[in-house]
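Fold and geometry: a report
The residues making up each chain are set out below.
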Amino acid sequence: METLVGNNCNQARLLLEKGEVVAIPTETVYGLAANGLNELAIHKIFEAKGRPLSNPLILHFSSKQAINPYVLDLPPILEKLADFFWPGPLTLLLNKTSLVPEIVTAGLDRVGIRVPAQPLIRELLEILSFPLAAPSANLYGMVSPTQAVHVLNQLQGKIPYILDGGACENGIESTIVGLDNEQLIVYRLGGISLEQLENVIGYRPPIKNHTENQPLTSGMVKHHYAPNTPFAYLETDFVFEEDKNDGFILLKDNRPEIPYTQKHILTQTGDLKEAAQKLYAAIHFMDQKHYSKLFIERFEEVGLGISMNDRLNRATKKFEKLR
Ligand code: TXA
Ligand code: MG
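Okay, so let's go over this structure. (Residues numbered from 1 in each chain as written. Chains lettered and ligands numbered in written order. Predicted model: local features only at pLDDT ≥ 70, side-chain atom pairs only at ≥ 80, totals over all residues. Heavy atoms only, no water.)

**Concerning the pairing of strand β9 (residues 175-180)**
- Direction of pairing for strand β5 (residues 90-95) relative to β9: parallel, over a ladder of three bridges. Looking at the pairing, L90 lines up with T175 of β9.
- Pairing of β9 with strand β10 (residues 183-188), which is carried by five bridges, proceeds in the antiparallel orientation. Note that in β10 the partner of L179 across the bridge is L184. (Pairing = 2+ DSSP bridges. Helix = DSSP H or I, 4+ residues; strand = E, 2+ residues; numbered from the N terminus.)

**Observations concerning the sheet that holds strand β12 (residues 246-250)**
- Taken together, four strands build an open sheet; the order of strands is β11-β14-β12-β13 and the sheet is parallel. Two strands bound the open sheet, and with one partner strand each, they are β11 (231-233) and β13 (263-265). Taking each pair of neighbouring strands and ignoring which way they run, the sheet shows an average axis angle of 20°.
- In this structure, β12 lies alongside β13, joined through three bridges in parallel fashion. Counterpart to I249 in the pairing with β13 is H264.
- Contacting β11 and β14 (293-296), helix α9 (residues 304-317) crosses the sheet at an angle of about 130° to β11. (Axes fitted to C-alpha atoms, helices over the stretch in contact; angles between N-to-C directions. Contact = heavy atoms within 4.5 Å.)

**A closer look at the pattern of salt bridges**
- Counting across every chain of the model gives 17 salt bridges.
- Of the charged contacts, one joins E17 and R13 as a salt bridge, the two residues approaching to 3.1 Å between their closest N and O atoms. Of this pair, E17 and R13 both sit in helix α1 (residues 9-17), four residues apart, roughly one helical turn.
- In this structure, E257 engages R255 in a salt bridge whose closest nitrogen and oxygen atoms are separated by 3.4 Å.
- Relative accessible area serves as the criterion here: at 40%, E257 is assigned to the partly exposed category.
- Where salt bridges share partners, they join E173, D310, R311 and R314 into one cluster. (Salt bridge = Lys/Arg side-chain N within 4 Å of Asp/Glu carboxyl O. Buried < 20%, exposed > 50% of the residue type's maximum accessible area, 1.4 Å probe, protein only.)

**Brief notes about the sheet that holds strand β7 (residues 132-134)**
- The ten strands are arranged β1-β8-β2-β3-β7-β4-β6-β5-β9-β10 in an open sheet whose pairing can be described as mixed. Of all strands in the sheet, those bounded by a partner on one side alone are β1 (4-6) and β10. Put simply, the sheet's adjacent strands are angled 35° from each other on average, direction ignored.
- Across the sheet, α1 is in contact with β1, β2 (22-24), β3 (31-35), β7 and β8 (161-163); its angle to β8 comes to roughly 135°.
- In the packing of helix α2 (residues 39-49) onto the sheet, the strands contacted are β3 and β7, and the crossing angle to β3 comes to about 155°.

Okay, structure coming up:
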């Protein structure tokens, strides 16, 4: 199958209406979308990604009003968060109605719901008569795409169309929250920081995303978001050795001993929001350079630094045995 790249919403609509999958831009990462009410179409997402059917998908809507037929209720605290952060990088786990196909939720009672902010995907959702089911548009276990070319590199030949909306503004997946015994729980850290949630609800919600055996969300699986090149944290006592062919991803240009051919600098100023926007693109870029090993600095444990470290913990975990 030939994979076309373009910015034509109508072309994307026609394919989606025919039950095809289309890669879509969002403000977080690119998604691999299908008609969220069409089981056969949704199956194609799992096939293209090589993703197990036990891993549920997020449904994307054009507005808060549009979700009504698909959820039983919207508890006040979640509605407050929706009003604050939608459209934007927040996913709510809500009790689903029977209109949501089982394959979307992997048989669970709750469905992940998000109203994205990216202009092109909003335009597309406005002209569709159904929500879009979409996971991140990477092969299962790999780094999420934040540019159309990242999608092309992983899924070329497997999908008919990539709707190109440019580089993703946030660069890290949505934050996933839901209620457990009326208590707000963060199931995946992401584009909305803990501090931002705290500012709205008045306290810092607990995080429940580290269970290894029962992955509820893929953010909960310990090995994930990984490049092909062996990937490790740059420890603070690290000493650069010239004769090794290693690559480095740094928050700031603070290691003059490393030549520019071997390092990728995320920001001039150390701004974590900018770093999040560029992080996955940096990993994709450096992963293609054939270094023997790729090192990355741990981020400060504040704001989006916490979300980024969460991803890096999983991405580096896979290679721990190599060290
Ligand atoms: O920013 C994002 O959330 C992107 C864009 C495309 O919207 N999507 C994304 O989807 O990251 P995905 O499938 O790669 O990650 C969503 C996570 C998965 O780990 C999935 O297990 C979890 O959300 N999830 C989805 N529905 C769920 C549900 N009903 N209950 C628990 N976890 C759920
Ligand atoms: Mg994903």
